[in-house]
Amino acid sequence: MSRLTIRKARPEDCALILRFVRDLALYEKALDEVKATEADLHGLLFTGHPRVFALICEVDGEAAGFALYFYNFSSWLGRLGLYLEDLYVDPAQRGKGAGKALLHYLAQQAVAEGCGRFEWNVLDWNEPAIRFYESFGARPQSEWVGYRLTGKALEDFAAGS
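Nothing here was measured: the structure is a model prediction, and the numbers come from that model.

### Topic: the packing of helix α1 (residues 14-27) against helix α2 (residues 38-45)
Relative to each other, α1 and α2 sit at 110 degrees, their axes nearing to 9 Å. If you check the angle between α1 and α2, you find them roughly perpendicular. As for how α1 packs across α2, the hand of that crossing is right-handed. Here Cys14, Ala15, Ile17 and Leu18 of α1 lie close against α2, whose contacting residues are Glu38, Leu41, His42 and Leu45. Residues belonging to the contact of α1 with α2 are distributed by class as follows: 6 nonpolar, 1 polar and 1 charged.

### Let's talk about the layout of surface pockets
The probe, sized like a water molecule, is rolled over the atoms to show the empty space still left. By volume, the second largest pocket is sized at about 150 Å³. If you trace the second largest pocket, you find it lined by Lys100, Leu103, His104, Ala107, Phe118, Trp120, Phe136, Gly137 and Ala138. Those elements that provide at least two residues to the lining of the second largest pocket are α3 (98-112) and β5 (117-120). Counting residues per element, the lining of the second largest pocket draws most heavily on α3, at 4 residues.

### Some points on the pattern of salt bridges
All told, the structure shown has 5 salt bridges when counted by the stated rule. Residue aspartate 13 is joined to arginine 7 by a salt bridge in which the shortest nitrogen-to-oxygen separation is 2.7 Å. In this pair, the class of aspartate 13 matches that of arginine 7, namely buried. Between glutamate 58 and arginine 7 there is a salt bridge; the shortest N-O distance is 3.1 Å. Of this pair, glutamate 58 sits in strand β2 (residues 53-59) while arginine 7 sits in strand β1 (residues 4-8), placing them 51 residues apart in sequence. Each of the two residues, glutamate 58 as well as arginine 7, counts as buried. Because the salt bridges share partners, they merge into one network encompassing Arg7, Asp13 and Glu58.

### A short note on the packing of aromatic side chains
The description of an aromatic ring pair uses the distance of the two centres, along with the angle that the planes make with each other. In this structure the tally under the stated criterion is 12 aromatic pairs. With 5.8 Å between their ring centres and 75 degrees between their planes, phenylalanine 53 and tyrosine 71 make a pair best called edge-to-face. Here phenylalanine 53 is found in strand β2, whereas its partner tyrosine 71 is found in strand β3 (residues 62-74), with 18 residues between them in sequence. According to the relative accessible area criterion, phenylalanine 53 is partly exposed, its value standing at 25%. The ring of tryptophan 125 has lysine 29 sitting right over it, with the charged end atom 4.1 Å from the ring centre. Stacked on the ring of tyrosine 27, the Lys or Arg arginine 94 has its end atom at 5.9 Å from the ring centre.

### Examining the sheet that holds β3
One open sheet holds the 5 strands; their spatial order is β1-β2-β3-β4-β5, and the pairing between them is mixed. Two strands lie at the open edges of the sheet, namely β1 and β5, each paired on one side alone. Strand-to-strand twist of the sheet, defined as the mean angle between neighbouring strand axes without regard to direction, takes the value 30 degrees. Note: β1 against β2, 5 bridges, orientation antiparallel. Each bridged residue has a counterpart across the sheet, and for lysine 8 the counterpart in β2 is leucine 55. Contacting β1, β2, β3, β4 (79-89) and β5, α3 crosses the sheet at an angle of about 170 degrees to β4.

The rules we used
Residues numbered from 1 in each chain as written. Predicted model: local features only at pLDDT ≥ 70, side-chain atom pairs only at ≥ 80, totals over all residues. Heavy atoms only, no water. Axes fitted to C-alpha atoms, helices over the stretch in contact; angles between N-to-C directions. Helix = DSSP H or I, 4+ residues; strand = E, 2+ residues; numbered from the N terminus. Parallel < 35°, antiparallel > 145°, perpendicular 65-115°, else oblique. Left-handed = near helix turned anticlockwise from the far one by under 90°. Contact = heavy atoms within 4.5 Å. Nonpolar A, V, L, I, M, F, W, Y, C, P; charged D, E, K, R; others polar. 1 Å grid on protein atoms, 1.4 Å probe; cavity = no way out; pocket = protein on both sides within 12 Å on 5 of 7 lines; lining within 4 Å. Points joined across faces, edges and corners; volume = space filled by probe spheres on them. Salt bridge = Lys/Arg side-chain N within 4 Å of Asp/Glu carboxyl O. Buried < 20%, exposed > 50% of the residue type's maximum accessible area, 1.4 Å probe, protein only. Phe/Tyr/Trp six-rings, centres within 6.5 Å; stacked < 30°, edge-to-face > 60°. Lys NZ or Arg CZ within 6 Å of the ring centre and 35° of its normal. Pairing = 2+ DSSP bridges.

What follows is the structure, encoded as structure tokens:
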């Protein structure tokens with residue numbers, strides 16, 4: 001049986017985290033959209049007051065996957081929420097419980113910290129992930145439609161255009 005451990009990411013993990021981010025983006029058919037660098041990750045994850053956090057899952061001492069998350073806020077609940085930005089397990093390590101262990105760890109953290117929600121998004125075509133999430137009780141939220149401003153549209157709107 002494999003030995004599975006989860007630990008908080010360390011500064012020397014930035015290259016590993018970026019590799020996992022790129023692997024996830026490749027799977028999601030969006031590798032060309034990854035602009036992050038190791039320096040970007042280091043600056044966000046390991047400053048005096050980080051706003052983003054990462055976990056590394058190891059199987060028998062080998063990095064198997066990661067989770068990247070941050071906190072949001074629900075004005076209706078009056079409580080923080082934990083938002084999972086990225087979850088990825090290397091294909092060679094899948095089926096050993098790493099993904100579920102990362103989610104379980106974060107759920108425990110959310111409960112311990114009094115968070116009112118633990119949320120994430122999944123691409124609508126990613127049936128394996130959808131089945132996986134629903135297998136332990138997660139349910140899709142269909143009443144909200146996400147919107148995003150990015151790139152030139154964000155810059156133009158910020159400038160008053």
